[in-house]
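# Residue-level structure breakdown
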Amino acid sequence: MSNLTNKRPIITHHNPKSPISEAYRTLRTNIQFSSIDEELRVLMITSAGPGEGKSTTLVNLAVAYAQADKKVLVIDADLRKPTMHHTLQVSNRWGLTNLLTNQLSVIEVLQETSINNLSIITSGPIPPNPSEILASKKMISVLDELKQQFDIILIDAPPAIAVTDSQIIATRADGVILVVDSDKVKRDAALKAKQNLDNVRARILGVVLNNVDRKNKDSYYYYYGESK
C-alpha cells in the first residue's frame, strides 16, 4: 500500500492508534447507533462555511469505516471547489458530473484508492450549473445503484450557507453531519446552516466540533452529539 502524503494528512490511515483516530472511530460508532430501526447508508457531510474541516472529517470517517471491513465509497459532490481527488491522490479528469450528465457510467467513474475497502467518485469537471445537476433524477438513480455495491456512501457537500447544493443533496441522504469549527465559525452562521438544512427536512444526525482548545491536549478534537 502506498503512503499517502499531502497537505490534508489522513490521520486514521497514517496513525490509527492516535487519540484523534479513536475520536473518528467513536464518531463512526455513534452514527451506527443513531438509528436503530433504519440502516444509514448514505451520509452527507457539510459545514456552515469554508475551511471548517468537513472534507478532513469525511475522509477520516471514511477510512474508519473501511478499517471496520465496510465497503466504502466517497463521492465528491462539492462541484464548486472539489478537493477529494487531491486528498486521495486520484485523477479528476472524469467523475460525478460526467455520470450525472450521462456521459459515462458508474463503472467508468469509480476509482479505487490506495486504502483498502475505499473507493471514490471524484467531482469531475466543474459544471456551470451544479445545483441543477445535483437536483436531477439521475442523482437518485445513481445512489440507488451504488447502494447495491457499497455498505456506506459518504458525500462531501459544499458549505450549507453559501449555495443550495447541500440542501439538495441532503434530500437524497439518509443523514447529515454538520461540521463546525469552534475557533472560526460564529454561532449565527452555524444556526443558519442548520436552519437551511431543516428547511428541507434533512435528518441532521449530529455536529462535529473541531479545533476545540483542550488546553494541554490535542487541539484538533472531534465531538459528536445529537443536533437540537
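Structure shown above.
Residues numbered from 1 in each chain as written. Predicted model: local features only at pLDDT ≥ 70, side-chain atom pairs only at ≥ 80, totals over all residues. Heavy atoms only, no water.

### Quick look at the packing of aromatic side chains
The description of two aromatic rings rests on the distance between their centres and on the angle between their planes. Applying the stated criterion across every chain, the model contains zero aromatic pairs. In this structure, K71 is placed above the aromatic ring of F150, and the distance from its NZ or CZ to the ring centre is 5.4 Å. (Phe/Tyr/Trp six-rings, centres within 6.5 Å; stacked < 30°, edge-to-face > 60°. Lys NZ or Arg CZ within 6 Å of the ring centre and 35° of its normal.)

### Section: the nonpolar core
Grouped together as the largest cluster of nonpolar side chains are 36 residues, with contacts concentrated most on I75, L96, L134 and L146. Looking at this core element by element, the count peaks at four residues for helix α8 (residues 137-147). Not counting residues up to four positions away in its chain, the partners in contact with L96 are I75, D76, A77, L79, I121, T122, S123, G124, L134 and M139. (Core = buried A, V, L, I, M, F, W, Y, C linked by side-chain atoms within 4.5 Å. Buried < 20%, exposed > 50% of the residue type's maximum accessible area, 1.4 Å probe, protein only. Helix = DSSP H or I, 4+ residues; strand = E, 2+ residues; numbered from the N terminus. Contact = heavy atoms within 4.5 Å.)

### A short note on unusual backbone geometry
One non-glycine residue, D69, lies in positive phi territory at about 65 degrees. Looking at the secondary structure, you find D69 in the loop between α3 (54-67) and β2 (72-76). Here the phi dihedral of N117 falls at roughly 70 degrees; this positive angle occurs in a residue that is not glycine.

### A look at the pairing of β2
Burial within β2 is extensive, with five of its five residues counted as buried. Here β2 shows no split at all, with V72, V74 and D76 on one side and L73 and I75 on the other all buried. As paired elements, β2 and strand β4 (residues 118-121) share four bridges and run parallel to each other. Bridge pairing links L73 to S119 in β4. Of the strand pairs in this sheet, β2 and strand β5 (residues 152-156) are connected by five bridges, and their pairing is parallel. Bridged to L73 within β5 is I153. (Pairing = 2+ DSSP bridges.)

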